Amino acid sequence: MTTYSAASVIAAERTALVGTLNEAGPAAPTLCEGWQTRHLLAHLILRETQPLVAAGVMGGPLGKRTERLTNEYAQQLADPASYRLAVQKFADLPGYGGVRKRWPVADAAMNTLEYLVHTEDVRRAAGDLSPREVPAETQQKIWDDVRSRGRLLAGKSYPGGLVLEAPGCSPSTATIQGPKPGKVATVLSGQPAELVLYLFGRQDVAQVRKM
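Residues numbered from 1 in each chain as written. Predicted model: local features only at pLDDT ≥ 70, side-chain atom pairs only at ≥ 80, totals over all residues. Heavy atoms only, no water.

### Some remarks on the overall build of the protein chain
Broken down by element type, the protein chain carries nine helices and four strands. Shown N-terminal to C-terminal, the secondary structure of the protein chain runs as helices and strands in the order α-α-α-α-α-α-α-α-β-β-β-α-β. Expected size for 211 residues packed as a compact globule is a radius of gyration near 17 Å; at 18 Å, the protein chain falls within 12% of this value. Projected onto the principal axes, the alpha-carbon positions of the protein chain cover approximately 55 × 35 × 35 Å. (Helix = DSSP H or I, 4+ residues; strand = E, 2+ residues; numbered from the N terminus. Rg over C-alpha atoms; globule rule 2.2 N^0.38 Å.)

Right under this line is the structure:
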């Protein structure tokens, strides 16, 4: 079984995201509908600095305000120099309550999947559909997160049941939703990072085998 350090996993994913944003510049496309990279960067910074704004990401009463503030901030980042400074700001953020340094396990729990998905939102929107090389310890952390959060991520999309397969990880299979009587469970097989993309709604670009 592969073990991992939460601090090293989240640091690696943050570094990958920062590098991807820097390379893309402020006006690159993303897989997030209506967003360029500057909108994505604005979202990331607001998410970690303004709790009330973060609370509106999923919609609800605060959704309109969150959308407005994100768009306003993104406008300020249209200039490449302002964008680069904002990327560095994101890289240097301490997180809520200094979580990045004080509680790396909590940091990893809150942000590993978020950073992974948004890195790929930029990479794959630019046409690079090849899986990114992710260290084995990061893949195992992702797999542990997927197994614990899989039912929430899958929602009601798999009424017949859902089984995930991640060859090379421990354990290699996980039953997320047990098969229903008379039904055959859907099986999704791939690297943990690819399974995350699939369950986060990026099915068109995720390298996952559906059975």
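### Overview of empty space enclosed by the protein
As enumerated under the stated definition, the model contains two cavities of 30 Å³ or more in all. Considered as a void within the structure, the largest cavity measures approximately 40 Å³ in volume. Around the largest cavity, the lining residues are Leu-116, Glu-120, Arg-124, Arg-132, Val-134, Gln-139, Gln-191, Ala-193, Glu-194 and Leu-197. Listing elements by their share of the lining of the largest cavity, those giving two or more residues are α7 (104-125) and α9 (192-199). Of the residues assigned to the lining of the largest cavity, the class counts are four nonpolar, two polar and four charged. (1 Å grid on protein atoms, 1.4 Å probe; cavity = no way out; pocket = protein on both sides within 12 Å on 5 of 7 lines; lining within 4 Å. Points joined across faces, edges and corners; volume = space filled by probe spheres on them. Nonpolar A, V, L, I, M, F, W, Y, C, P; charged D, E, K, R; others polar.)

### Some words on the packing of helix α2 (residues 37-49) against helix α5 (residues 80-92)
Between α2 and α5, the shortest axis-to-axis distance is 10 Å and the interhelical angle comes to 35°. With respect to the hand of their crossing, α2 and α5 are arranged in left-handed fashion. Residues Thr-37, Arg-38, Leu-41, Leu-44, Ile-45 and Glu-48 of α2 form the contact with α5, whose participating residues are Tyr-83, Ala-86, Val-87, Lys-89 and Phe-90. Per-class residue counts for the contact of α2 with α5 are seven nonpolar, one polar and three charged. (Axes fitted to C-alpha atoms, helices over the stretch in contact; angles between N-to-C directions. Left-handed = near helix turned anticlockwise from the far one by under 90°. Contact = heavy atoms within 4.5 Å.)

### Concerning the packing of helix α1 (residues 6-24) against α5
Interaxial distance between α1 and α5 falls to 10 Å at its minimum, and their mutual angle equals 175°. Taken together, the axes of α1 and α5 lie roughly antiparallel to each other. Between α1 and α5, the contacting residues are Arg-14, Leu-17, Val-18, Leu-21 and Asn-22 on the first element and Tyr-83, Arg-84, Val-87, Phe-90 and Ala-91 on the second. Classifying every residue of the contact of α1 with α5 by side-chain character gives seven nonpolar, one polar and two charged. (Parallel < 35°, antiparallel > 145°, perpendicular 65-115°, else oblique.)

### Quick notes on the environment of Arg-123
With respect to the secondary-structure elements, Arg-123 resides in helix α7. Residues in contact with Arg-123, not counting those within four places in the same chain, are Thr-20, Asp-128, Ser-130, Pro-131 and Arg-132. For Arg-123, the side chain forms a polar contact with the side chain of Glu-120, separated by 2.5 Å. A distance of 3.0 Å separates a polar side-chain atom of Arg-123 from the backbone oxygen of Ser-130. (Polar contact = N/O pair within 3.5 Å; in protein donor to acceptor, adjacent residues only side chain to side chain.)

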